[in-house]
Amino acid sequence: QVQFQESGGGLVQPGGSLTLSCVAPGSSLGIYTMGWYRQAPGKQRELVATITRYADTYYADSVKGRFLASRDDPKKAVYLQMNNLKPEDTAVYYCNEIPRPRPWGQGTLVTVSS
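Description of the structure in this document. Along each chain, the written sequence defines residue order, and numbers are assigned to residues from 1. Local features in this predicted model are restricted to residues of pLDDT 70 or higher, and side-chain atom pairs are both shown and tallied only at a pLDDT of 80 or more, whereas totals for entire chains, interfaces and linings draw on every residue. Side-chain metrics rest on all non-hydrogen atoms present in the structure, leaving aside hydrogens and water.

## Structural notes on unusual backbone geometry
Part 1: Cis geometry is found at the peptide bond from Ile98 to Pro99, where omega equals 5°.
Part 2: Secondary structure elements are taken from DSSP: a helix is a run of H or I of four residues or more, a strand is a run of E of two residues or more, and numbering for both begins at the N terminus. Within the element layout of this structure, Pro99 appears in the loop between strand 9 (91-98) and strand 10 (108-112).
Part 3: If you check the backbone angles, Ala55 has positive phi at about 75° while not being a glycine.
Part 4: Exposed residues in this analysis have more than 50% of their type's maximum accessible area, buried residues have under 20%, and partly exposed residues fall in between, with area computed by a 1.4 Å probe over protein chains only. A relative accessible area of 43% places Ala55 in the partly exposed class.
Part 5: Notably, Asn84 is not glycine yet its phi reads approximately 50°, a positive angle.
Part 6: Along the chain, Asn84 falls in the loop between strand 8 (77-82) and strand 9.
Part 7: Judged by relative accessible area, which is 43%, Asn84 ranks as partly exposed.

## Some details on the packing of aromatic side chains
Part 1: Classification of ring pairs rests on two measures: the distance between centres of Phe, Tyr or Trp rings, Trp counted by its six-membered ring, which must be within 6.5 Å, and the angle between planes, read as stacked under 30 degrees, edge-to-face over 60 and tilted in between. Applying the stated criterion across every chain, the model contains 2 aromatic pairs.
Part 2: Considering the side-chain rings of Tyr37 and Trp104, the 5.0 Å spacing of their centres and the 90° angle between planes classify their relative orientation as edge-to-face. Within this pair, whereas Tyr37 is found in strand 4 (residues 33-39), its partner Trp104 is found in the loop between strand 9 and strand 10, the two being separated by 67 residues in sequence.
Part 3: The exposure class of Tyr37 is buried, given its relative accessible area of 15%.
Part 4: The class for Trp104 is partly exposed, based on a relative accessible area of 27%.
Part 5: Their ring planes at 75° and their centres at 5.9 Å tell us that Tyr94 and Trp104 sit as a pair that is edge-to-face. Note that Tyr94 is positioned in strand 9 and Trp104 in the loop between strand 9 and strand 10, a separation of 10 residues in sequence.
Part 6: Following the ring pairs from residue to residue traces out a cluster consisting of Tyr37, Tyr94 and Trp104.

## Observations concerning the state of the cysteines
When the sulfur atoms of two cysteines share a covalent bond, that bond is a disulfide.
Part 1: Two cysteine sulfur atoms form a disulfide, by the criterion used here, when they sit within 2.5 Å. In this structure the tally under the stated criterion is 1 disulfide.
Part 2: With its sulfur 1.7 Å from that of its partner, Cys22 forms a disulfide with Cys95. Across the S-S bond linking Cys22 and Cys95, the dihedral sits near 75°, which makes this disulfide right-handed. Residue Cys22 is located in strand 3 (residues 18-23), and its partner Cys95 is located in strand 9; the two are separated by 73 residues in the primary sequence.
Part 3: Relative accessible area serves as the criterion here: at 1%, Cys22 is assigned to the buried category.
Part 4: Take Cys95: its relative accessible area is 1%, and that puts it in the buried class.

This is how it looks when you write it as structure tokens:
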């Protein structure tokens, strides 16, 4: 299996916004639910959002109302729009399939700091 490739992270001030992208070149987004995860320094990886093949979404309480997951099947991509970012959102963000994850990619680092 090909790892997913995350991009779009960076340094942003509190209250700012970023949109992350996730693609798997050469593969398709078919029946699988996709998940966005993050791992903060010294903490375990946690699931923050999911999006099904039907575009139904789930969000962890910590990001609910601020983050928005979406998918673009023709482009074989999923996205995570992050608004009103907080310092506690600082983490490496990953995407993967649910419930059968691929090997983890490198993730993309989001740093929220003034």
